[in-house]
Structures are given as structure tokens and as C-alpha cells.
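Below are the chains, spelled out letter by letter.
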Amino acid sequence: MEKIDGIVRDLEAIRLHSPLIHNITNYVVMNNTANALLAIGASPVMAHAREEAAEMAGLASAVVLNIGTLEPAWVEAMLVAGETALEKETPVIFDPVGAGATAYRNEVCKEIIERCAPTIIRGNASEIMALYNVQTRTKGVDSTAASGEALESARQLAVQTNAAVVISGETDYITNGQEVHTVANGSALMPRVTGMGCTASAITGAFAAVNPDPFLAATHAMYVMGIAGERAAGRSAGTGSLQMNFLDELYNLNEEAIRATIR
Amino acid sequence: MEKIDGIVRDLEAIRLHSPLIHNITNYVVMNNTANALLAIGASPVMAHAREEAAEMAGLASAVVLNIGTLEPAWVEAMLVAGETALEKETPVIFDPVGAGATAYRNEVCKEIIERCAPTIIRGNASEIMALYNVQTRTKGVDSTAASGEALESARQLAVQTNAAVVISGETDYITNGQEVHTVANGSALMPRVTGMGCTASAITGAFAAVNPDPFLAATHAMYVMGIAGERAAGRSAGTGSLQMNFLDELYNLNEEAIRATIR
Amino acid sequence: MEKIDGIVRDLEAIRLHSPLIHNITNYVVMNNTANALLAIGASPVMAHAREEAAEMAGLASAVVLNIGTLEPAWVEAMLVAGETALEKETPVIFDPVGAGATAYRNEVCKEIIERCAPTIIRGNASEIMALYNVQTRTKGVDSTAASGEALESARQLAVQTNAAVVISGETDYITNGQEVHTVANGSALMPRVTGMGCTASAITGAFAAVNPDPFLAATHAMYVMGIAGERAAGRSAGTGSLQMNFLDELYNLNEEAIRATIR
């Protein structure tokens, strides 16, 4: 299948070039996302000081901004890194963790989108809906919203921001505003491990670093997340072992495993 | 046994309602405590920005304050979150990590207790004794103190602060100032994994979110920690596998496992 | 062999005295390094507040400074802790993560070396070469440099700074400026797990706390890292399981395992 070829091609490019992915992300998941990037063959760097954010972003092949444990000084560094990337046409992946939960998060999301023009935005259904609502200056977030409703928000958000937008969930949706890709791989155990969404955003950075089409890069990344997660869940006794097995699956992922697992 | 029924009832309530637990905690353990809360069925959020601390605490069913890697800006957020919780009668769990080690920690402990009036305080013997000494403005902390001596400090601290006080150790003691519960489950391997105490505090937050009696909530939480830890240690080759197996045990914990392991 | 006796003697001293190791380190690895220190028998503390850095460093048997996710407030605390240690003749281990990547990192490295006079400096080949270049005020860092070239930088750096200098890599080199020790143990899987280098620095802190000779302490630490890592890799399906098995191996490490694995 063409799809599998594309995923394998990107995966091989990541392992060959080991692109540097600059992450300004949250405390909870830094270890996991660094390990996921290493497992897949990329080269992670975490650096948030205002003093070096531009220089580090300038070295990177993709910049991942994640507001999970945001605070003003970190947001400032995110903006600097994101603007540097924008200038250099380096892809920016934005993960709006907890968008809609507080006014502060909503403001920060708005500012990051306006100033950094993310290439890819990835969140869960609630976050994507919240983000769309913030963008359109309306109110109200329904965290129990159906995926279909979130998909419409994602589509509109993609049109407005010119980003590829990903909704992670039981089925993942990826849209560029016109087309929609869906990824059905994954496991119900995955959302019970913290930072799986953040890891998806980091992995998306690795794919965006080697694939110039953000819509395809995001789709391939979600396949790899779903396939590795599904394979790991199949041999895990619980959420602790899933976290470990997921890294092993990423590390060992190859065409054969992809072909055997993809839906 | 009535005891087992109470634990199971709380556990089912956590899994049914998935209460939001707002943690302002230390960098070392954030991943573990988030995963432990997810494994048991609760919904963790880590957020420390002064800009959103009140709003986030206002959404939560329990607030967990942990000073492991404290600094002034984080302490300020803890006070805001704790005071918000106090106003809304949301339970506040306080983990005085390293109390007694430095003057700064002692001051912060005093301020958190005074302004946030924690519902439950959980620490090891040294920390509870240091906390009691700080409260009574005397000096001297003996980290090699016998549990019995710490228990008297805990009892006095409970009376003074109106909190349920937990001493974690080979035997855990939980007191409301009058009565004392003891939990003998656990494993000597547990203190060799970082953040097991912090995880106990986070899990206590989940129980406090569903059980209106802090003394019982804390007792049930300590049983669950001890039972899951003991079961995990029984099939672990070392501290690395214990950390993983512990999450699996929490995830799979049910009445049968509790009944088979409780002492 | 004399070498094995020395490693075992230090290991036993760590387990007997459980020295307090004060770490001001990066967010990505805090959990791993704390767990590695606990697994080997030491007692880790992570504390970065300016308000308590001197007091905490004053309690410690070794201070580990790691600039992986540096920012000005943390650097200030590192300087305070390092200067306190210097005054008290407590060993200071310095890990110049990412030296050479940004101007800010280079400045901070220079300041830490000047003001804290580290007892042991540990980095990879690029970092050690960058550090040497910063010290000599010349420019240019070649991250693909051969080990031999890095070794000459390490030797000069050791002479200039009076520190034992460690280059981690496929073969580890440890030098006091005159002599060179080499450690061939390890696994190619180890650099694919985040923070293995940072863990090496933390473990070096534990050995420096019990062995008054920094050159020997650093050598013994690198043997223990390489031996535990090699044994763990031998039974790991990927990088996720390596991270776990490594802690189990550290926890279980004894003379027999060392004797069976050392090269």
C-alpha cells in the first residue's frame, strides 16, 4: 500500500538523519518524549531558557511547543523558539494541552497560534474544540463532545490557521482543512498512560522534520503512535508495562510490524 | 471485613467519577504520580502557574501540595490553590517533603499549614516530627526517631491542625488526633524507588475526593499503596521493575487482590 | 584484580553510609538519576531554590551540577551550591550537557568551572571538546570528532581545571591530566535512553562521596555504569526495557556480577 510505503520512508529518513527536535514541553512528560524521540531515531533537545531559545530553535529540524505545565517565562521562550522556526521555515508542532480549562491557557494558545503559525496542531477533541472556540472568540467547551463535532472544529481551525490539525482519540482524525485522514490503530489503555498525547506531538515533530508535507507527516506520525501503542498494549499487563513496551515497540518498529498491525 | 468494603467502595467511586486531582508537586515524581492517578482511575492535572492556580484548583475535587522541589513562585501558586480549595471545601493534601532539612522548607511548611489548613498531611517519620516541631516553635529533628515518637508528634499535629496525619513507614500510622489506624502492608523495596511517598500523597488526594471522611480516605489510600506495592515487589527483580509493576498493580487492583493481600 | 576490589569497596561504602547526594540537574532525567542513586544505595536530594541551595549543599557528601535544562535562576543556585561545596571540600561533579550548542551554555560552563572548581567533569566527546575550547577562548566544536582528539582536550582540561575529566562513549576515558583509564563496558543501546550520561554523573557523585581520590572515584563509577548497562542491555528488548533493567542491575550489582562482566 502507498500508505505503508510513505510511513516506512519517513521512518527510515528519521533513522538516517536523526533530526534534532527542539522541545519546549511540560515537566510531566519530558522523559517520555525524549525517550520516544530517541527510540524512533530522532535526536531530542529540551531547552527553555529565554537566553538560548532562538539559538537552539535555529539548530533544530522541528520545534515542538507544548503548554502542559506552562508559566509566563516558558511561554516567552516558546514564542521566541516558534518565531525563530517560522522565520527559518522550520516546522512548528503545537500541543495545546488543557486548552479550554483556564483563561490563561486560552490566551496563550491564541498568542502562540498568532505569532508562531504552527505547521501542525495536535490535541484531543476537547482541546481542538476549545482552540477553535478561542480563535472564533466564542465561548463554551464540551469535553464530552462527539468526535464528529470536534472534526468540524478541526477542519475550520485548519482553514483559519493554515495548519494540519490532528484530533487524537479512539480514532485519530487528521485534516488539512479539505481532506481528512483517519487512523484506527491504538488501544484503550493508551490514554491511561500520562503523556501519550504529548509523545504523539513530539513524534509528529520527527516526521515533520523529514517530510515536507505536514498533512502526511502528521498522518504517518499518528499511524506510528497507534501501531506501536497497539502492539505494546497487546503484551502489557497494565499501564506501567505499556509505558515501557511502547518504547521498545517504537525502537523495533519496521515495515513488517507496520504491515502486520495497520488497519 | 468492613475495612475491605470501605476500600473497595472508594476505589469504585474513583473509577466511576474519575475525580480531577490538581497537583502542584515536585519535578522528580510528576510522571509517576500522574501515572499512579491514571492507573487508579482518577484524572490528574499538574499546573503551577500563578496565573491559573486558582481557576485550576476551583475545577478540582482535591488539591495535592508537595514541596519536594519548592521555590518561591511555586509556593505562591500552592498557597493560591490551597486557599481556593479551602474556600470551596475541597480537600487539600499536604506532603511536606524534606521538612526539617532547611530553614526555608520549615517556613514554607508553616505558611502552607496556616493558610491552606490541609485536610490531610502525609510524610515520613522525620518530616512529621519536623513539622510538629516547627508548629510548636521548638527545634531539633531526629531522622532516626522511633515510629512511636513520631506517632505522638502526628497525634499532636492532628489536634493542632485539625488534619488527618499520616506517617509512612514500614508500618503506616494514620491519626485524626484521637484514633490511630495502622497499615502493615508494603515492602522494604518501596522506599528505594523515588517518589513512592509522593505517590501516596497523590493517591490520598483521589480517595479524599470521593470519601468525605479524611481519616478514612487517608487510611484507604495507604492500604491501596501498601497492597499494590507489596504485590508488585513480590514479582520484581529490583527497583526498576517495582516502579513499573506498581502501576500495573494499581491498574488491576480489585476486591479479590485486596482481600488476598491485606493484613 | 585490584581494580575489582576498588569498585567493590566503594560500592559497599555507598551502601553502608548511604551518602546524601545533592543534585541540581535537569528536568528530563531527575526521576532516573534519583532512582539510580537509590538503586546503588545512595540518598539523593534534588533542590534548586536559591533560598536553600547553600544549606542543602552543606548537608551533602557530594554536589552534582548538570546544566541540561539550565536557566538563570537555576544557574545561580548551582553556583551557590558549588561554592558551598568548594568551601567545605565536598566533591563537586559537573555535567556540561550541551556545551558548545549555544553561547549561553558556554558562558555558564565557564562560570561554573571558575567559581566552583569541580572535582570531576563528565561529558561526551563533543561536550568535553567544547568545554576545552571555551576555557582556552578559541572557537569551534566538532561533534563528530574522534575520541582521540577529545582525549587530548580532556587531558588539557584536567590540567587546567585540576579536575578528573571523563569522556563517556563507546569506550570511556577518564584522565587526571597525566594518567588515562579506559572502560570498555557498556552497550550501544545506552545512548538511545535519555539521561544515561546524566545518570553517570550522579553515580559519579556517589563514588566521589566515599572515595577521596576523584580519578579513582570517576573510574569506578564508569565501570559500574558500563557493567550495569551491559548486563541490562543483554536482557532488554529495546530502550524502554533497558531503562528499567538498568535500575534492577544497579540494585543487584555485586562482586560476582562485576567479576563476570568487567573487561
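Residues numbered from 1 in each chain as written. Chains lettered and ligands numbered in written order. Predicted model: local features only at pLDDT ≥ 70, side-chain atom pairs only at ≥ 80, totals over all residues. Heavy atoms only, no water.

Draft legend 1. Up close: the relation of the copies chain B and chain A. Superposing chain B onto chain A requires a rotation of 120° together with a translation of 0.0 Å along the rotation axis, leaving an RMSD of 0.0 Å. The superposition operator between the copies reduces to a three-fold rotation axis. Considering only C-alpha atoms, the residue of chain B closest to the rotation axis is Tyr 27 of chain B, which sits at 3.8 Å. Of the interface residues in chain B, just 8% have counterparts in chain A that sit at the interface too, so the contact is made through distinct surfaces. (Least-squares fit on C-alpha atoms with pLDDT ≥ 70 in both. Contact = heavy atoms within 4.5 Å.)

Draft legend 2. The arrangement of empty space enclosed by the protein in detail. Enumeration over the complete set of coordinates arrives at five cavities of 30 Å³ or more. The computed volume of the largest cavity comes to approximately 430 Å³. Mapped by element, the contributors of at least two residues to the lining of the largest cavity are helix 2 (30-40) and helix 10 (239-252) of chain A, helix 2 (30-40) and helix 10 (239-252) of chain B together with helix 2 (30-40) and helix 10 (239-252) of chain C. Across the lining of the largest cavity, the residue classes break down as 15 nonpolar, 15 polar and no charged. (1 Å grid on protein atoms, 1.4 Å probe; cavity = no way out; pocket = protein on both sides within 12 Å on 5 of 7 lines; lining within 4 Å. Points joined across faces, edges and corners; volume = space filled by probe spheres on them. Helix = DSSP H or I, 4+ residues; strand = E, 2+ residues; numbered from the N terminus. Nonpolar A, V, L, I, M, F, W, Y, C, P; charged D, E, K, R; others polar.)

Draft legend 3. Representation of the side chain of Thr 194 of chain C within the structure. Relative to the helices and strands, Thr 194 of chain C resides in the loop between strand 8 (180-183) and helix 8 (196-210). Those residues in contact with Thr 194 of chain C that lie beyond four places of it in its chain are Asn 31, Ala 34, Asn 35 and Leu 38 of chain A together with Val 28 and Asn 32 of chain C.

Draft legend 4. Structural detail: the interface of chain B and chain A. Contacts between chain B and chain A engage 24 residues on the former and 26 residues on the latter. Across the chain B to chain A interface the summed buried area is about 2100 Å²; carbon plus sulfur atoms make up 56%. Contact with chain A buries area across many residues of chain B, yet Asn 31, Leu 38 and Tyr 251 of chain B alone supply 23% of it, more than any other trio. Counting across the interface, chain B meets chain A through one salt bridge. Where Arg 105 of chain A meets Glu 52 of chain B, a salt bridge forms, and the shortest distance between an N and an O atom there is 2.7 Å. On the surface where chain B and chain A come into contact, there are 16 residue pairs in polar contact (both at pLDDT 80 or more). Mapped by element, the contributors of at least two residues to the side of chain B that touches chain A are helix 2, helix 3 (53-59) and helix 10 of chain B. In terms of residue count, the dominant contributor to the side of chain B that touches chain A is helix 2 of chain B (seven residues). The class makeup of the residues in the side of chain B that touches chain A is 15 nonpolar, five polar and four charged. (Buried area = accessible area lost by both parts, 1.4 Å probe. Salt bridge = Lys/Arg side-chain N within 4 Å of Asp/Glu carboxyl O. Polar contact = N/O pair within 3.5 Å; in protein donor to acceptor, adjacent residues only side chain to side chain.)

Draft legend 5. View of the relation of the copies chain C and chain A. With an RMSD of 0.0 Å, the fit of chain C onto chain A corresponds to turning through 120° and sliding 0.0 Å along the axis. A distinct binding surface is used by each copy, with only 8% of the interface residues of chain C retained as interface residues in chain A.

Draft legend 6. Seen up close, the interface of chain C and chain A. Each partner contributes residues to the interface: chain C has 26 residues there, and chain A has 24 residues. Seen at the junction of chain C and chain A, the total is 16 residue pairs in polar contact (both at pLDDT 80 or more). Taken together, the elements giving at least two residues each to the side of chain C that touches chain A come down to helix 5 (103-116) and helix 10 of chain C. Grouping the constituent residues of the side of chain C that touches chain A by class yields 13 nonpolar, ten polar and three charged.

Draft legend 7. Representation of helix 4 (residues 72-87) of chain B within the structure. Residue and element names in this part refer to chain B. Spanning 16 residues, helix 4 covers 23 Å between terminal C-alpha atoms, matching the ideal 22 Å at 1.5 Å per step. Three or more residues of helix 4 are buried, namely Trp 74, Val 75, Ala 77, Met 78, Leu 79, Val 80, Ala 81, Gly 82, Thr 84 and Ala 85. Elements that come into contact with the buried residues of helix 4 comprise strand 1 (20-24), helix 2, helix 3, strand 3 (62-66), strand 4 (92-95) and helix 5 (103-116). Just past helix 4, the residue Glu 89 takes up positive phi, approximately 55°. (Expected span 1.5 Å × (residues − 1). Buried < 20%, exposed > 50% of the residue type's maximum accessible area, 1.4 Å probe, protein only.)

Draft legend 8. Spotlight on the packing of helix 4 of chain B against helix 5 of chain B. Residue and element names in this part refer to chain B. Packing of helix 4 against helix 5 leaves a shortest axis separation of 9 Å and a crossing angle of 20°. In this view, helix 4 runs roughly parallel relative to helix 5, as classed from their interaxial angle. For the pair helix 4 and helix 5, the crossing hand works out as right-handed. Counting all contacts with helix 4, which are made through Pro 72, Val 75, Met 78, Leu 79, Gly 82, Glu 83 and Leu 86, the residues of helix 5 involved are Tyr 104, Val 108, Glu 111, Ile 112, Arg 115 and Cys 116. The residue makeup of the contact of helix 4 with helix 5, split by class, is nine nonpolar, one polar and three charged. (Axes fitted to C-alpha atoms, helices over the stretch in contact; angles between N-to-C directions. Parallel < 35°, antiparallel > 145°, perpendicular 65-115°, else oblique. Left-handed = near helix turned anticlockwise from the far one by under 90°.)

Draft legend 9. Quick peek at the confidence of the model for chain A. Residues and elements named next belong to chain A. For chain A, the average pLDDT comes to 95, and 95% of its residues sit at 70 or higher. Residue range residues 138-143 is modelled with pLDDT below 50. Its contacts to residues more than four positions away, or to other chains, number ten contacts. Scoring the predicted complex yields pTM 0.96 and, for the interface, ipTM 0.95. (pLDDT = per-residue confidence, 0-100.)

Draft legend 10. Summary view of the packing of aromatic side chains. Counting across every chain of the model gives nine aromatic pairs over all chains. Residues Tyr 27 of chain B and Trp 74 of chain C carry aromatic rings whose centres are separated by 5.7 Å and whose planes lie at 50° to one another, so their mutual orientation is tilted. On the criterion of chain membership, the pair formed by Tyr 27 of chain B in the loop between strand 1 and helix 2 and Trp 74 of chain C in helix 4 (residues 72-87) is interchain, its members lying in two chains. On the accessibility criterion, Tyr 27 of chain B (5% relative accessible area) is buried. The class of Trp 74 of chain C is buried, set by a relative accessible area of 4%. Put simply, the rings of Tyr 27 and Trp 74 of chain A, Tyr 27 and Trp 74 of chain B together with Tyr 27 and Trp 74 of chain C pair up and form one aromatic cluster. (Phe/Tyr/Trp six-rings, centres within 6.5 Å; stacked < 30°, edge-to-face > 60°.)

Draft legend 11. A look at the pattern of salt bridges. This model, assessed by the stated rule, comprises 33 salt bridges over all chains. A salt bridge links Asp 95 of chain C to Arg 122 of chain C; its shortest N-O distance comes to 3.0 Å. Pair noted here: Asp 95 of chain C is in strand 4 (residues 92-95) and Arg 122 of chain C is in strand 5 (residues 120-124), with a separation of 27 residues, a long-range link. Each member of the pair Asp 95 of chain C and Arg 122 of chain C is classed as buried. One salt-bridge network, in which partners are shared between bridges, spans Glu 83, Glu 111 and Arg 115 of chain A.

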